[in-house]
Amino acid sequence: MIQIKNAHELAAMRRACAISAAALRLAGESIEAGMTTADLDKILFDYIKGKGARPNFKGLYGFPGTACISINDEVIHGIPSHKRQIRPGDIVSIDTGAAIDGFNGDNACTFGCGKIDLEAQRLLDVTRESLHRGIAAAVCGNRVGDISHAVQSYVEQNGFSVVRSFVGHGVGRELHEDPEVPNFGTAGRGPRLVGGMTLAIEPMVNQKHHSVITLPDGWTVKTADGGLSAHFEHTVAILPAGPEILTLGWEEPTCSL
Ligand code: MG
C-alpha cells in the first residue's frame, strides 16, 4: 500500500533527507586513492550518528554497512571492507541513508576517484541526467511508468542500458515502501502519482548489457559482462507544485562529481 505523507511527516522526511544528503556529499569529498571502502563507511557512520540520526542501511536485511559501496563494474550492494582499496580512476557508487524522527532518507551518487576516463565520465553524466529526467516526470497526475519511461529512454538514446533486476521504491517510515519505481517501462502505466507520495528514484545504468550477477558474498551485484555501472538516487516528494528533491544537498555546486 502506498503511504501518503502529511505536512508533519514531510517535514520529518526533509530532516532525514538533509542528513542523508550531507553524509553522501561528505563521503564523496572524502574519497582518496588508497583508502578502503571500510574507511569511507566509517566516515558515514560517524557523521550520521553525530547528527543524532540512525544509519538506516545498517542491519537492514542483515546488511553490515552504513553504505553500499560499489566500484567500477559493481552495480549496487557492495559491502564495505578493509580489504577493498580505492584506486585512482575508479568510479565509486555510494548508496546511503539516515533515519530520524521515524522517517528515512535514501540517496546515491557515483563519484570518480581523481581523473576518470572519458567513457566513465559520460556514463556518470548520462546516469545523473536520467535521474533528473525521471524526477521531471514525477508530477501529480502522471503515473510511475512516466518516470520509468523518462529514465529508460534517455539512457538508451545515449547507448547505455538500465538494470532490470533492481528498482526504485517508495520511502517513508520504512526505507523500502510501495510502490516499486522501475527504471524501465511504459509511459502512462502503473500507479497514479498523487501529492504526498515520497519516492526514491534511482537509475542503475550499465555501460554495456543490462544483465547483472550477484557475487558469492550474497550481496554485491555486478555487471555480467564486466562493463562499468553507475547509480544516482534522490528521495523526491510528489507535491502539487511539482517534485521536491529532498536529498538535493549532495548535488550542490561544490559537490565533487
Ligand atoms: Mg533506494
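This text follows the structure it describes.
Per chain, residue numbering runs from 1 following the sequence as it is written. With the structure being a predicted model, the display of local features is reserved for residues of pLDDT at least 70 and the display and counting of side-chain atom pairs for 80 or more, all residues being used for whole-chain, interface and lining totals. Side-chain descriptors were evaluated using all non-hydrogen atoms of the structure, hydrogens and water having been removed beforehand.

Focus on the overall build of the protein chain
Counting its regular elements, the protein chain contains four helices and 17 strands. Our radius of gyration is a C-alpha quantity, and the globule rule it is checked against amounts to 2.2 Å times the number of residues to the power 0.38. Computed over its C-alpha atoms, the radius of gyration of the protein chain comes to 17 Å, within 12% of the 18 Å expected for a compact globule of 257 residues. Seen through its C-alpha atoms, the protein chain measures out along the principal axes to roughly 45 × 45 × 35 Å. A contact between two residues is defined here by any heavy atoms of the two lying within 4.5 Å. Pairs at least 24 apart in sequence give 71% of the contacts found in the protein chain among residues at least 6 apart. All accessibility values rest on the Shrake-Rupley procedure with a 1.4 Å probe; residue burial counts only the protein chains present in the view. Carbon together with sulfur atoms contributes 53% to the accessible area of the protein chain, which is approximately 10,400 Å² in total. A residue counts as positive if it is Lys or Arg and as negative if it is Asp or Glu; His and the chain ends are not included. Charge placement uses NZ in Lys and CZ in Arg. For Asp and Glu, CG and CD serve respectively. Taken together, the 23 basic and 29 acidic charged side chains of the protein chain have centroids lying 1 Å from each other. Counting from the N terminus, the helices are DSSP H or I runs at least four residues long and the strands are E runs at least two residues long.

Re the sheet that holds strand 16 (residues 234-237)
With antiparallel pairing, five strands are arranged side by side in an open sheet as 10-9-11-16-17. In this open sheet, the two edge strands, each paired with only one partner strand, are strand 10 (177-181) and strand 17 (244-245). Pairing geometry for strand 9 (residues 168-170) and strand 10, over three bridges, is antiparallel. Counted as the bridge partner of glycine 168 is valine 181 from strand 10. Angular values range over 0 to 180 degrees, each being the angle between N-to-C directions of two axes fitted as lines to C-alpha atoms, with helices fitted over their stretch in contact. Along the sheet face, helix 3 (residues 118-136) touches strand 11 (198-201), strand 16 and strand 17 and points at about 15° away from the line of strand 16. Where helix 4 (residues 144-157) meets the sheet, its contacts fall on strand 10 and strand 11, and the angle it forms with strand 10 comes to roughly 40°. Strands qualify as paired when DSSP identifies two bridges or more between them.

Points about the sheet that holds strand 13 (residues 212-214)
One open sheet accounts for three strands, arranged 3-14-13; its pairing is antiparallel. Looking along the sheet, the strands with just one partner apiece sit at the ends: strand 3 (74-76) and strand 13. Sheet twist, expressed as the mean angle between neighbouring strand axes with direction ignored, is 40°. The pairing of strand 13 with strand 14 (residues 221-223) spans three bridges and is classified as antiparallel. Paired with threonine 214 across the two strands is valine 221, which belongs to strand 14.

Re the nonpolar core
Grouped together as the largest cluster of nonpolar side chains are 53 residues, with contacts concentrated most on Ile31, Leu40, Ile86, Val92, Ile94, Ile147 and Ile201. Apart from the residues within four sequence positions on either side, isoleucine 147 is in contact with Gly134, Ala137, Ala138, Val181, Leu193, Leu199 and Ile201. Within the second largest apolar cluster, 14 residues are counted, among which are Leu10, Ala12, Val171 and Leu175. By convention a nonpolar core is built from buried Ala, Val, Leu, Ile, Met, Phe, Trp, Tyr and Cys residues, the set being connected through side-chain atoms within 4.5 Å. Only protein chains enter the area calculation, which uses a 1.4 Å probe; residues under 20% of their type maximum are buried, those over 50% are exposed, and those in between are partly exposed.

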